[in-house]
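# Chains, contacts and geometry: an overview
Next come the chains, spelled out residue by residue.
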Amino acid sequence: MLYTLAQRGNFFTTWIALTVLAFVMMMAMSGTLFYFYYARPTFETWQKKSNPNFPAPTLVRREVLQMLKGIYTATLCPALALHLVNAGWSKAYGGLGGRSVGYLIFTFFVVWIGSDFYEFAYHRIGHTFPFWWKQHKGHHVFYNPSPFAVIADDHVDQFIRSAPLLLIPLLMPVNMDLLFFTYGAFFYGYGVYLHWGYELSWPGAHHPWINTAFQHYVHHAKSTLNKPMHTGFFFKLWDQIAGSLYKEGPETCICAGCSTARGERSREAFDAVVKPDYSVLLKPSFWLTGQEVAGERVASGANAK
Ligand SMILES: [Zn+2]
Ligand SMILES: [Zn+2]
Ligand SMILES: [Zn+2]
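To start, this report covers the structure provided alongside it. Throughout this description, residue numbers start from 1 for each chain and increase along the sequence as written. Note on labels: chains are lettered from A, ligands numbered from 1, in written order. In keeping with the predicted nature of the model, local features appear solely for residues at pLDDT of at least 70, side-chain atom pairs appear and are counted solely at 80 or more, and the whole-chain, interface and lining totals rest on all residues. Derived side-chain values reflect all non-hydrogen atoms in the structure, with water molecules and hydrogen atoms excluded from consideration.

### What about the coordination of the zinc ion (ligand 2)?
Within the first shell, the zinc ion (ligand 2) binds the protein through His-139 (NE2), His-195 (NE2), His-216 (NE2) and His-220 (NE2), at distances of 2.0 to 2.1 Å. Expressed as a motif, the donor residue spacing for the zinc ion (ligand 2) is H-x55-H-x20-H-x3-H. Highlighted residues: His-195 in the loop between α10 (176-194) and α11 (213-222) and His-220 in helix α11, separated in sequence by 25 residues. For the pair His-195 and His-220, one class covers both residues: buried. Distances define the donors: N, O and S atoms within 2.8 Å of the metal qualify, as do those within 3.2 Å of Na, K or Ca. Water is excluded, so some sites may look unfinished. Numbered from the N terminus, helices here are DSSP runs of H or I no shorter than four residues, and strands are runs of E no shorter than two. The rule is simple: take the accessible area with a 1.4 Å probe, protein chains only, and divide by the maximum for that residue type; under 20% is buried, over 50% is exposed, in between is partly exposed.

### Here's the deal with the side chain of Asp-177
Checked against the element boundaries, Asp-177 lands in helix α10. The charged-residue count follows a simple rule in which Lys and Arg add positive charge and Asp and Glu add negative charge, with His and chain termini not counted at all. Any Lys or Arg side-chain nitrogen found within 4 Å of a carboxyl oxygen on Asp or Glu counts as a salt bridge. Of the side chains with opposite charge, Arg-8 comes closest to the buried, unpaired Asp-177, at an N-O distance of 12 Å. The residues contacting Asp-177, other than those within four sequence positions of it, are Met-1 and Leu-2. Only heavy atoms matter for contacts: two residues are in contact if any of them lie within 4.5 Å across the pair.

### Overview of the coordination of the zinc ion (ligand 1)
Within the protein, the atoms that donate to the zinc ion (ligand 1) are His-123 (NE2), His-127 (NE2), His-136 (NE2), His-140 (NE2) and His-219 (NE2), at distances of 2.1 to 2.2 Å. Counting along the primary sequence, the residues that act as donors to the zinc ion (ligand 1) give the motif H-x3-H-x8-H-x3-H-x78-H. Note on His-136: relative accessible area 1%, which makes it buried. On the basis of relative accessible area, His-140 is assigned to the buried category, the value being 11%.

### Notes on the packing of helix α9 (residues 164-171) against α10
When two helices pack together, their arrangement is given by the angle between the helix axes and the distance between those axes. Every angle, taken between N-to-C directions, lies between 0 and 180 degrees, and every axis is a line fitted to C-alpha atoms, over only the stretch in contact when it is a helix. The N-to-C vectors of α9 and α10 enclose an angle of 150 degrees; their axes lie 11 Å apart at closest approach. Considering their axes alone, α9 and α10 lie roughly antiparallel with respect to each other. For the element pair α9 and α10, the recorded crossing hand is right-handed. Counted together, Pro-164, Leu-165, Ile-168 and Pro-169 of α9 and Met-176, Leu-179, Phe-180 and Tyr-183 of α10 form the full contact between these two elements. Here the residues of the contact of α9 with α10 are counted per class, giving eight nonpolar, no polar and no charged. Each angle gets one of four labels, with under 35 degrees taken as roughly parallel, over 145 as roughly antiparallel, 65 to 115 as roughly perpendicular, and the rest as oblique. A clockwise turn of the near helix away from the far one marks a right-handed crossing, whereas an anticlockwise turn of less than a right angle marks a left-handed crossing. Classification convention: Asp, Glu, Lys, Arg as charged; Ala, Val, Leu, Ile, Met, Phe, Trp, Tyr, Cys, Pro as nonpolar; all other residues, Gly among them, as polar.

### Notes on the packing of aromatic side chains
Paired rings are identified among Phe, Tyr and Trp, the last through its six-membered ring, by centres lying within 6.5 Å, and are further divided according to the angle between planes into stacked (under 30 degrees), edge-to-face (over 60) and tilted (the rest). Scanning all chains against the criterion turns up 41 aromatic pairs. Aromatic side chains Phe-108 and Phe-186 sit 5.4 Å apart centroid to centroid with 55 degrees between the ring planes, which places their arrangement in the tilted category. In this pair, Phe-108 sits in helix α6 (residues 101-126) while Phe-186 sits in helix α10, placing the two residues 78 residues apart along the sequence. A residue is classified by how much of its surface remains accessible, and Phe-108, at 21% relative accessible area, is partly exposed. Lysine NZ or arginine CZ positioned within 6 Å of the ring centre and within 35 degrees of the ring normal marks a charge as sitting over the ring. Note that Arg-99 overlies the ring of Tyr-103, its terminal NZ or CZ placed 5.7 Å from the centroid. A cation sits over an aromatic face here: Lys-275 above Phe-270, 4.1 Å from the ring centre.

### Describing the layout of surface pockets
The method works on a 1 Å grid over the protein atoms by themselves. A cavity is a set of points holding a 1.4 Å probe that cannot get out, a pocket is an open set with protein on both sides within 12 Å along at least five of seven lines, and residues with an atom within 4 Å of a point line them. Grid points are joined across faces, edges and corners, and a volume is the space filled by probe spheres set on the points. By volume, the largest pocket is sized at about 310 Å³. What lines the largest pocket is a set of 15 residues, and nearest its centre among them are Phe-34, Ala-39, Tyr-278, Leu-281 and Leu-282. A per-element tally of the lining of the largest pocket places helix α2 (residues 11-39) first, with five residues. For the lining of the largest pocket, the residue count by class is 11 nonpolar, two polar and two charged.

So, in structure tokens, the structure goes:
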């Protein structure tokens with residue numbers, strides 16, 4: 001599908017088409033979770049929320065604007081991969097490209113595991129070298145992120161994160177639909193879960209080998225320059241090897257499960273939490289100015305932590 005699209009157009013039409021496709025997919029995934037868990041929270045769901053507070057609408061606006069930057073940057077690499085085919089550089093193909101279904105499955109696993117290590121390693125560099133932290137720290141403005149923060153990154157940072165979408169087709173024959181949707185739906189989908197801010201009973205916050213939404217919440221809340229912590233994506237393995245795990249016991253652990261067990265998630269505590277009025281996000285004037293219209297309540301979304 002994408003391969004045929006690229007053959008019919010030029011680099012810019014492909015780039016624009018991929019950007020629109022990614023935008024629609026990503027807004028649908030992030031927006032759905034945001035609606036149910038941020039705009040319409042209940043006491044029961046809140047007991048599973050890692051950070052008891054909700055981000056202010058101005059911060060959510062900033063996440064979405066930065067996400068747009070992330071989207072048009074991330075689609076540059078697959079657009080390039082599709083247009084380097086005719087020059088003989090890229091091994092991107094459409095359909096089965098004369099290969100078996102087994103090869104498709106094989107490439108999916110190569111892409112999945114290879115990218116997981118790549119994303120861990122590059123992310124860790126962003127937390128260990130001052131130059132790379134400068135590229136990455138825009139993502140850490142959101143210390144209590146919402147599902148819109150997945151690719152709320154600056155240009156250089158997002159370009160390198162999405163570079164496998166160009167590097168993989170240069171290295172090995174790969175079906176471009178498989179590659180694009182593995183990144184756009186499978187990885188982005190897991191990224192939405194990681195930035196959800198809520199914990200599931202499975203995989204729980206203390207799962208031995210899966211990097212869960214709680215680990216990524218801790219990453220946003222505590223990890224900074226020279227303090228890499230859970231820079232991994234799907235698997236904990238890389239952080240286990242590098243020794244960058246969050247390891248608090250039940251008395252001090254900040255996960256929702258441990259907080260609830262210590263009695264910190266009572267009905268009174270929920271009632272005291274500010275629930276911002278996110279309906280301003282539906283007003284064009286808010287997007288243009290970042291200001292709520294005079295006379296409306298300014299939702300502070302007080303973010304202690
Ligand atoms: Zn980070
Ligand atoms: Zn993040
Ligand atoms: Zn815990």
